[in-house]
Amino acid sequence: MRIPTILRTYTNGAAEVSGEGGTLREVLQKLDADYPGIGGRILDETGKIRRFVNVYVGEEDVRFADGLDTATPDGVQISVIPAVAGG
């Protein structure tokens, strides 16, 4: 799982961490168990992916797939990417 620079304080500076689970929801639960607090930066209070955070499983944006129920087969790359605003 790729971790953006802004969240690496939770992963002791690691840019990539391993994740386990059959769905994105399970992977994020394990991630938060291994790195307490990171889940709250990815998910909001209702348990949904935060508005300004994009998550990809492989090349697919999970918002256009099955959201947190998107399958995460072994070996697939999961990327957490904060949205970038500009103007």
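Nothing here was measured: the structure is a model prediction, and the numbers come from that model. (Residues numbered from 1 in each chain as written. Predicted model: local features only at pLDDT ≥ 70, side-chain atom pairs only at ≥ 80, totals over all residues. Heavy atoms only, no water.)

Moving on, we come to the overall build of the protein chain. Along the backbone of the protein chain there are two helices and three strands. Mapped from its N terminus to its C terminus, the protein chain presents α and β elements in the order α-α-β-β-β. Taking 87 residues into account, the globule formula puts the C-alpha radius of gyration at 12 Å, and the protein chain, at 12 Å, falls close to it. Seen along its three principal axes, the alpha-carbon backbone of the protein chain occupies a region of about 35 × 30 × 25 Å. Burial status across the protein chain gives 31% buried among its 87 residues. Accessible surface for the protein chain amounts to roughly 5,500 Å². Of this, 49% is attributable to carbon and sulfur atoms. (Helix = DSSP H or I, 4+ residues; strand = E, 2+ residues; numbered from the N terminus. Rg over C-alpha atoms; globule rule 2.2 N^0.38 Å. Buried < 20%, exposed > 50% of the residue type's maximum accessible area, 1.4 Å probe, protein only. Areas by Shrake-Rupley, 256 points an atom, 1.4 Å probe, with all protein chains shown as cover.)

This part is about the nonpolar core. Inside soluble globular proteins, nonpolar side chains tend to come together where they are buried. By size, the foremost hydrophobic cluster in this structure holds 18 residues, and its most contacted members are Met1, Leu24, Ile42 and Val55. Looking at which element gives the most residues to this core, the answer is helix α1 (residues 24-34), with four residues. Look past the residues within four positions of valine 55 in its chain and what remains in contact with it is Leu24, Ile42, Ile49, Glu60, Asp61, Val62, Ile78 and Ser79. (Core = buried A, V, L, I, M, F, W, Y, C linked by side-chain atoms within 4.5 Å. Contact = heavy atoms within 4.5 Å.)

Every buried residue of α1 is accounted for by Leu24, Val27, Leu28 and Leu31. Projection of α1 onto a plane perpendicular to its axis shows the buried side chains occupying an angular sector of 95 degrees, all on one side. Along α1, exposed side chains directed more than 90 degrees from the buried face belong to Gln29 and Ala33. Those residues of α1 that are buried lie in contact with α2 (38-42), β1 (53-57) and β3 (78-82). (Arc of directions from axis to C-beta.)

A few words on the sheet that holds β1. Pairing within the open sheet is antiparallel, and its three strands lie in the order β2-β1-β3. Only two strands of the sheet have a single neighbouring strand rather than two, namely β2 (60-61) and β3. Strand direction decides the pairing type here: β1 and β2, joined by two bridges, are antiparallel. When the bridges of β2 are listed, tyrosine 56 appears paired with aspartate 61. (Pairing = 2+ DSSP bridges.)

Taken as a whole, this structure holds three salt bridges when the rule is applied. A salt bridge links lysine 30 to aspartate 34; the nearest nitrogen and oxygen atoms lie 3.0 Å apart. One end of the pair, lysine 30, and the other, aspartate 34, are both in helix α1, four residues apart, so they sit about a helical turn from each other. Ionic pairing is found between arginine 50 and glutamate 45, a salt bridge with its closest N-O pair at 3.7 Å. On the basis of relative accessibility, which here comes to 28%, the residue arginine 50 falls in the partly exposed class. (Salt bridge = Lys/Arg side-chain N within 4 Å of Asp/Glu carboxyl O.)

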